[in-house]
Each structure stands twice: as structure tokens, then as C-alpha cells.
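# Commentary on secondary and tertiary structure
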Amino acid sequence: MIEKHIEAGRILRQVKEEAVKLVKPGVKMLEVAEFVESRIVELGAQPAFPCNISLNADAAHCTPSKNDERVFREGDVVKIDIGAHIDGYIADTAITVDLGDNEDLVKCAEVALERAIEVIEPGISTAEIGEAIESTAKEFGFKPVYNLTGHGFLPYIAHAPPTIYNYRVEKGVRIEEGMVFAIEPFITNGAGKVTDRREVEIYSVVSARPVRMKMARELLAEVEKYRTLPFAKRWLSNPREIIISKLVRDGVLRAYPVLTEVKKGLVSQAEHTVVVRESGAEIIT
């Protein structure tokens, strides 16, 4: 099991390095997302979720639409969040590319991630990981995003216990040897909170209940291969909005709206997946 996580992480490490080189003003977001997703497959894994490319105040759940014409621009703060799995065993990583003058914001997320990983060892509490992230954010003069978290994994489930807050909580979860989870600091110069906005391009199946409409059955048959993992609307051969909306209303699909900072503050992100060893955390991404 752990070896499959590690292999997925090795693939992500290579894909991330290659993807970062593509992020330049004038390049289409869709071009980078499709490169990431296809490259993961080429290297022997499958995407664990659509490539997330979130700009500026957007923090998460943003992936290009089909035929998306948006391009990177000078000044953008670009978060690239990617995941891969082998037989359902997931690795997850993210990096921020600064196309402007936001070096401190980007560095803060990176340092927070480093310090959080440094404290990990069997027996500590996730509260200590959160404290390392929060104290680093304050040291740099920023805030963590309080309602986004790191997370564990289960087979074909990208967000599972333990939940790892980006601040110190009163009671955390005890870390044990052999755990695999993602540490994911989000740092902002805004209010420290994200909220949904209306754009939705990512969905997952949450209920296998029977549906009557033929087109709905066809859609569900098409996404069955993703199991409980998120998929992009642009991955569908016939992404009919009316069918998708009905399946969301009926509780068959879950929608993942883009998450944006409530005061439109800029957001940076850094993320690694780690395996807890006797001597500390092994970074696998």
C-alpha cells in the first residue's frame, strides 16, 4: 500500500517540475492542465483529481473548462495542485508560481510547509503541525486560510482523516508511524477565510442510487471508472449542464465550487504528501 503511494508521489514530483516550467504569461491554463493530466498517465499513474490551477484570490477547486481561453498574466499568483493514484493509493502536491511581486507570500507557504514537516514524528498531535503553520504565517505578517486543511487518504478517497488544520486546535489527532497524509498550508494577505463562488467544473459521485433519465445513466456510466474520485466536466464526452445540475440536486453528484478568499486577498499554497516513519516524515512528492 505505502509503496503505491510512494510511486504515485515519485510521478507527481516529475510532473510538477515539468508543469512549473510551462507557467508563463500568455500560456493557456487549459494547456497546462491537460499536460499535467496526460503526463501522469504517461508515467504510469492516473489523476486523483483534475489539475487545479487557481489564480490570485482563488485558492482551490479551479480547473479549466472545455475550450477555456484564459491565459496566465503578468502579476498572477498561480497555484498548481495535482494528484495521482496507483490502484486508488493517492499522492497529492501543490506549488505556487509567482508571476508578479509576491515573493514573501509564496515563501511563507513554503517555509510553513517545511516547518510543519519538521515537527512530524510518531506520537505528536496534528495540533502541533497546525501551530507550526500558523506561527509561520504570523511571522511573515500573513494569515493561514483557516477553513482549508491538510488531509489523509483512503483508497479512491482524496480527502480522509486525519484533518490537519492550518492553525493550532485545542485537540488534535495523534500521529502514528505508517500514516500517509498531505500537509497543505494556504497563506493569504486577506481575511484568512475562503468561500464558494459560482464557477463549478469539478464533480464526484457520492451516491450510486438508480436514475431514470437515459442521459443521466449514460453520464454515470462514463464516470464510473473514477469511483469516488473527483472528475472534470471537460472530461465528459457530453457534459450537459441540465443533467449534471439535476444529479447534484438529487444527491448523486457532489459539486466542488471554486473557493475564493472572502476579502479578495492573494493566496499562496504549498503541499507535500508524507509517510510517517519512526525517525520523522518522509516526503514522497
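Attention here is on the structure that accompanies the text.

Basis of the calculations
- Residues numbered from 1 in each chain as written.
- Predicted model: local features only at pLDDT ≥ 70, side-chain atom pairs only at ≥ 80, totals over all residues.
- Heavy atoms only, no water.
- Salt bridge = Lys/Arg side-chain N within 4 Å of Asp/Glu carboxyl O.
- Helix = DSSP H or I, 4+ residues; strand = E, 2+ residues; numbered from the N terminus.
- Buried < 20%, exposed > 50% of the residue type's maximum accessible area, 1.4 Å probe, protein only.
- Phe/Tyr/Trp six-rings, centres within 6.5 Å; stacked < 30°, edge-to-face > 60°.
- Lys NZ or Arg CZ within 6 Å of the ring centre and 35° of its normal.

This paragraph deals with the pattern of salt bridges. Summed over all chains, the structure comprises 18 salt bridges. Put simply, Asp 58 and Arg 197 hold a salt bridge, and the shortest N to O gap is 2.6 Å. Here Asp 58 is found in strand E3 (residues 58-60), whereas its partner Arg 197 is found in strand E11 (residues 194-205), with 139 residues between them in sequence. In this structure, the salt-bridge partner of Arg 70 is Glu 199, at a minimum N-O distance of 3.5 Å. One end of the pair, Arg 70, is in the loop between E3 and strand E4 (77-86); the other, Glu 199, is in strand E11, with 129 residues separating them in the sequence. Of the residues examined, Arg 70 reaches a relative accessible area of 29% and is grouped as partly exposed. Within the structure, one salt-bridge network assembled from shared partners comprises Asp 58, Asp 68, Arg 70, Arg 197 and Glu 199.

A few words now on the packing of aromatic side chains. In this structure the tally under the stated criterion is five aromatic pairs. Geometrically, the ring pair formed by Tyr 226 and Phe 231 is stacked, given 5.9 Å between the ring centres and 20 degrees between the ring planes. Here the two residues Tyr 226 and Phe 231 agree in accessibility, since each one is buried. Over the aromatic face of Tyr 156 sits the side chain of Arg 227, whose NZ or CZ is 4.1 Å from the ring centroid.

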